[in-house]
Amino acid sequence: MKKNSRKRRKKSGSFTRLHLLSLLVILAFGISFAFFLYSHREQPEPPVERTGPSVSGDIKKIDPPPRAREDAPRRFMALVIDDIGYDMTAVDTLLALNIPITFSVLPHCPYSAVSARRAHEAGHEVILHLPMEPLGYPDADPGEGALLVGMTRREILKTVESNLRSVPYISGVNNHMGSRFMEHEDKLIAIFSELKKRRLFFLDSLTSPTTKGRSAANTVAIDYITRDIFLDNSRNREDTFKALLKLLDMDNHWTTLVVIGHPYPSTLEALERALPYFAESDIETVPLSHIINRCMP
């Protein structure tokens, strides 16, 4: 009787160990399967890093410019802002952009001298925006201090002298209007001779397709350069902004560029919006004299 009891206890103990082993095997398999599912779960996509500023207004989306290739040549752009002298707010806005700007200052305006001084003290280049007779004069009025085709050489030099005194700190001169005056080589030779004495260069704004600026400059041997682009003929913010971004096109094969704009509110806003794109490009904004020094033999 006692022998049978011991046999049953022995069988019962074996049965319990067998069940425990089975549970351990099942538990180990469950843990392994759960780890497999966890390690192969679908991973969320990383957030997309956006480049370039957001653009408001009529332009809904503009792709950021491509970064310059390592082998791409450096490009230099001179940004000349004409018609300075009437509005100090525009001058303050331009100074706040923190890029090299060439301030082209009209003579005898309410803020001619102070604008030139502020720009110079901030490290910017200053040139005289010399008024000249346009086609359609006197309906098209170039303003005080204008050089007229009917003036004698003495009158021209006297007027140039007065205009030069009106704007301090200048390193050069460019023409304001002048679509008629710039077609008279003898008049330009008189002006360029005086500018050469003062070691001033001349920027031809190309207001006339038949300008005699190059010929007169060769005669006098003065540093001379021409404008490449008028930035804001339409005075439209979006047009100016698009024109600025077009300069970033890597297919535009240029190394130096002279761009002329004006202190219109639309131009100032377009410049501010475009600056982050220029910061990512291979274009360096420089004073106008730097380009002249690169181009002159």
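*Asks:* Would you mind going over helix α6 (residues 213-220) with me for this structure?
*Replies:* Each α-helix winds once per 3.6 residues, and so residues spaced three or four apart point in a common direction. Of all the residues in α6, the buried ones are Gly213, Ala216, Ala217 and Val220. The buried residues of α6 occupy an angular sector of 100° when the element is viewed end-on, so they sit on one face. Counted as exposed and oriented over 90 degrees from the buried face of α6: Asn218 and Thr219.

*Asks:* Teacher, can you tell me more about the environment of leucine 164 here?
*Replies:* Within the fold, leucine 164 resides in helix α4 (residues 153-166). Along the primary structure leucine 164 and isoleucine 127 are separated by 37 residues, whereas in three dimensions their C-alpha atoms are 9.6 Å apart. Here leucine 164 is in contact with Leu128, Ile170, Val173, Arg198 and Leu200, once residues within four sequence places are set aside.

*Asks:* So what exactly am I meant to see when it comes to the pattern of salt bridges here?
*Replies:* Oppositely charged side chains can form a pair if their charged atoms are brought close together. Under the definition given, this model contains 12 salt bridges. The salt bridge partner of glutamate 194 is arginine 198, with a shortest N-O separation of 3.1 Å. Overall, arginine 198 belongs to the partly exposed group, its relative accessible area being 35%. Among the charged side chains, a salt-bridge network with shared partners connects Glu161, Arg165, Glu194, Lys197 and Arg198.

*Asks:* Mind showing me how you'd approach the confidence of the model for the protein here?
*Replies:* Do not read the fine detail of predicted coordinates wherever pLDDT is low. With 74% of its residues at a pLDDT of 70 or more, the protein has an overall mean of 83. With pLDDT under 50 throughout, residues 1-8 is counted as low confidence; its partners more than four residues away or in other chains account for zero contacts. Low pLDDT (under 50) marks residues 36-61, which in the prediction has 16 contacts with non-local residues, meaning those over four places away or in another chain.

*Asks:* What's the story with the packing of α4 against helix α5 (residues 185-197) in this structure? I'm lost.
*Replies:* How two helices sit against one another is set out by the angle between their axes and by the gap between those axes. Axis separation between α4 and α5 bottoms out at 10 Å; the angle between their running directions is 40°. In terms of orientation, α4 and α5 fall into the oblique class. Pair α4 / α5 crosses with right-handed handedness. Taking contact as the criterion, the partners of Arg153, Ile156, Leu157 and Val160 in α4 are, on α5, Lys187, Ala190, Ile191 and Glu194. Of the residues that constitute the contact of α4 with α5, the class distribution is five nonpolar, no polar and three charged.

*Asks:* It is not clear to me how the packing of helix α2 (residues 88-96) against helix α3 (residues 112-121) should be interpreted in this structure. Could you clarify?
*Replies:* Here α2 crosses α3 at 10°, and the two axes come no closer than 11 Å. Taken together, the axes of α2 and α3 are roughly parallel relative to one another. Residues Met88, Val91, Asp92 and Leu95 of α2 pack against Val114, Ser115, Arg118 and Ala119 of α3. Here the contact of α2 with α3 is composed, by residue class, of five nonpolar, one polar and two charged.

*Asks:* Looking at this structure, I do not really get helix α7 (residues 237-246). What am I missing?
*Replies:* Within α7, the full set of buried residues consists of Glu238, Thr240, Phe241, Leu244 and Leu245. Along the axis of α7, the buried positions cluster into a sector of 160°, meaning they face one direction only. Its side-chain oxygen placed 3.0 Å from the backbone nitrogen of glutamate 238, asparagine 236 serves as the N-cap of α7.

Analysis parameters
- Residues numbered from 1 in each chain as written.
- Predicted model: local features only at pLDDT ≥ 70, side-chain atom pairs only at ≥ 80, totals over all residues.
- Heavy atoms only, no water.
- Buried < 20%, exposed > 50% of the residue type's maximum accessible area, 1.4 Å probe, protein only.
- Helix = DSSP H or I, 4+ residues; strand = E, 2+ residues; numbered from the N terminus.
- Arc of directions from axis to C-beta.
- Contact = heavy atoms within 4.5 Å.
- Salt bridge = Lys/Arg side-chain N within 4 Å of Asp/Glu carboxyl O.
- pLDDT = per-residue confidence, 0-100.
- Axes fitted to C-alpha atoms, helices over the stretch in contact; angles between N-to-C directions.
- Parallel < 35°, antiparallel > 145°, perpendicular 65-115°, else oblique.
- Left-handed = near helix turned anticlockwise from the far one by under 90°.
- Nonpolar A, V, L, I, M, F, W, Y, C, P; charged D, E, K, R; others polar.
- Polar contact = N/O pair within 3.5 Å; in protein donor to acceptor, adjacent residues only side chain to side chain.

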